Amino acid sequence: MAQLAGLALLVVPLTSGCSMEEVLRFGWPVGVTPQAEAMRELWTWSAVAALVVGVVTWGAMFWAIAFHRKRKGDAGPPPRQTQYNLPLEITFTVIPTIIVAVLFAFTVNVQNYVDTDAPDPDVRVDVTAFQWNWEFAYPETQAPDGQPVSTLGTSDTIPLLVLPTGRTIEFTQSSNDVIHSFFVPEFLFKRDVFPMPEVNDQDNVWQIDGIEREGAFVGRCAELCGAYHAMMNFEVRAISPELYDQWLGLRQQVNPVTNAPYTAGEALEQLGCGQLCTPQAYTTYPFTTDRTQRSASLPVTSGS
């Protein structure tokens, strides 16, 4: 049985076309931040440790079933009982305590790293959730109307959260109504977005050390927040620092074509960097709020 189990562990990854790294991710998406990778490693090796403990436990259980079951014709006395065997009971107490202590230590270490905020981040973003969309503002900038540059999602437009790669980013989040949750699968964690975080005793400021690769990553609300919760999506658009600086500069100017401040999509389109500069979200589409229509609406041609 042990040989068959070992053979299965070797054959399954090879026949499924998955690399060992993919197998060890246990279905987790590939993270794009150092914090994401730290959390993925924590849960990967926690799962491996749990499987090892499980195999040992199952092995002992099946061994006892196979070799110590009562057989037909057995008339001898019952096996010696060990329920009051002090060394055995100490062993069964100490080993689980050590396992829990080790897991606790690794968890605290990763949690402290994920929750650490650097004193001077490169980029600051204010995240405001509301039923049923998002607003992203860049508080250290100024749009032509004198307000910070911001991106507001609507029922017709998926909001684009444009961020640079390779820079420390700080998020300050709040909600205008109920509890929402900021969730980007490639960040490998979600952050609840509370109304009045100072009253609710929530640390609503968090950071990532940087996004490690360019790309578009769908974001969602991961907290049931009302009738249109499932439609509360956004898109993180990670671009190079040089392109980001150009984009942010355009957001602080008036578009000569529309005589209005550049929207997120219009500014991206001006950069001309291929799919990454698509003016509308392409990882997710807006959904109509007409409850009689059950399909996604077509993407709009300009970002917010």
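Model, not experiment: these values are computed from the prediction.

**Comments concerning the overall build of the protein chain**
And step 1. Per the secondary structure count, the protein chain includes 6 helices and 12 strands.
And step 2. Expressed as a percentage of its 304 residues, the buried residues of the protein chain come to 37%.
And step 3. The contacts in the protein chain between residues at least 6 apart in sequence include a share of 63% that link residues at least 24 apart.

**Quick notes on the packing of aromatic side chains**
And step 1. On inspection of all chains with the given rule, the structure shows 14 aromatic pairs.
And step 2. Linked through ring pairs, Trp-134, Phe-136, Phe-171, Phe-182, Phe-187, Phe-189, Trp-206 and Phe-234 together constitute an aromatic cluster.

**Details of the confidence of the model for the protein chain**
Reading fine detail from the predicted coordinates is not recommended where pLDDT is low.
And step 1. Here the protein chain averages 86 in pLDDT, and 88% of its residues register 70 or above.
And step 2. For the stretch residues 299-303, pLDDT sits under 50, and the model shows 16 contacts to residues farther than four places along the chain or on other chains.

**Regarding the sheet that holds strand 10 (residues 233-239)**
And step 1. Here we have 5 strands laid out as an open sheet, ordered 4-10-9-6-7, and mixed in their pairing. Each of the sheet's edge strands pairs with one partner strand only, and the pair in question is strand 4 (160-164) and strand 7 (189-193). Direction aside, neighbouring strands of the sheet carry axes that sit 25° apart on average.
And step 2. Looking at chain direction, strand 9 (residues 215-221) and strand 10 are connected through 6 bridges and run antiparallel. Paired with Phe-217 across the strands is Val-236, a residue of strand 10.
And step 3. Here helix 6 (residues 264-271) sits on the sheet in contact with strand 4 and strand 10, set at roughly 45° to strand 4.

**Considering the packing of helix 5 (residues 241-251) against helix 6**
And step 1. Look at helix 5 against helix 6: their axes get within 9 Å of each other, and the N-to-C directions meet at 130°. Here helix 5 lies oblique to helix 6, going by the angle between them. Like other packed secondary-structure pairs, helix 5 and helix 6 cross with a definite hand, here right-handed. Contacts from Leu-243, Gln-246, Trp-247, Leu-250 and Arg-251 of helix 5 reach helix 6 at Ala-264, Ala-267, Leu-268, Gln-270 and Leu-271.
And step 2. Among the residues making up the contact of helix 5 with helix 6, the classes are represented as 7 nonpolar, 2 polar and 1 charged.

**Here's the deal with the sheet that holds strand 3 (residues 149-152)**
And step 1. An order of 3-2-1-5-8 is seen for the 5 strands of this open sheet, with the pairing classed as mixed. The sheet is open, and its two borders are formed by strand 3 and strand 8 (205-208), each paired with just one other strand. Taking the axes of each pair of neighbouring strands and ignoring which way they run, one obtains an average angle of 20° across the sheet.
And step 2. Across 4 bridges, the pairing between strand 5 (residues 169-175) and strand 8 is antiparallel. Directly across from Glu-170, in strand 8, lies its bridge partner Gln-207.

**Focus on unusual backbone geometry**
And step 1. Here the bond from Gln-131 into Trp-132 is cis, since omega is 0°, no more than 30 degrees from zero.
And step 2. The residue Met-196 is not glycine, and still its phi comes out positive at about 45°.
And step 3. Within the fold, Met-196 resides in the loop between strand 7 and strand 8.
And step 4. The phi dihedral of Asp-201 falls on the positive side, at around 55°, and the residue is not glycine.
And step 5. Looking at the secondary structure, you find Asp-201 in the loop between strand 7 and strand 8.

Quick notes on the rules
- Residues numbered from 1 in each chain as written.
- Predicted model: local features only at pLDDT ≥ 70, side-chain atom pairs only at ≥ 80, totals over all residues.
- Heavy atoms only, no water.
- Helix = DSSP H or I, 4+ residues; strand = E, 2+ residues; numbered from the N terminus.
- Buried < 20%, exposed > 50% of the residue type's maximum accessible area, 1.4 Å probe, protein only.
- Contact = heavy atoms within 4.5 Å.
- Phe/Tyr/Trp six-rings, centres within 6.5 Å; stacked < 30°, edge-to-face > 60°.
- pLDDT = per-residue confidence, 0-100.
- Pairing = 2+ DSSP bridges.
- Axes fitted to C-alpha atoms, helices over the stretch in contact; angles between N-to-C directions.
- Parallel < 35°, antiparallel > 145°, perpendicular 65-115°, else oblique.
- Left-handed = near helix turned anticlockwise from the far one by under 90°.
- Nonpolar A, V, L, I, M, F, W, Y, C, P; charged D, E, K, R; others polar.

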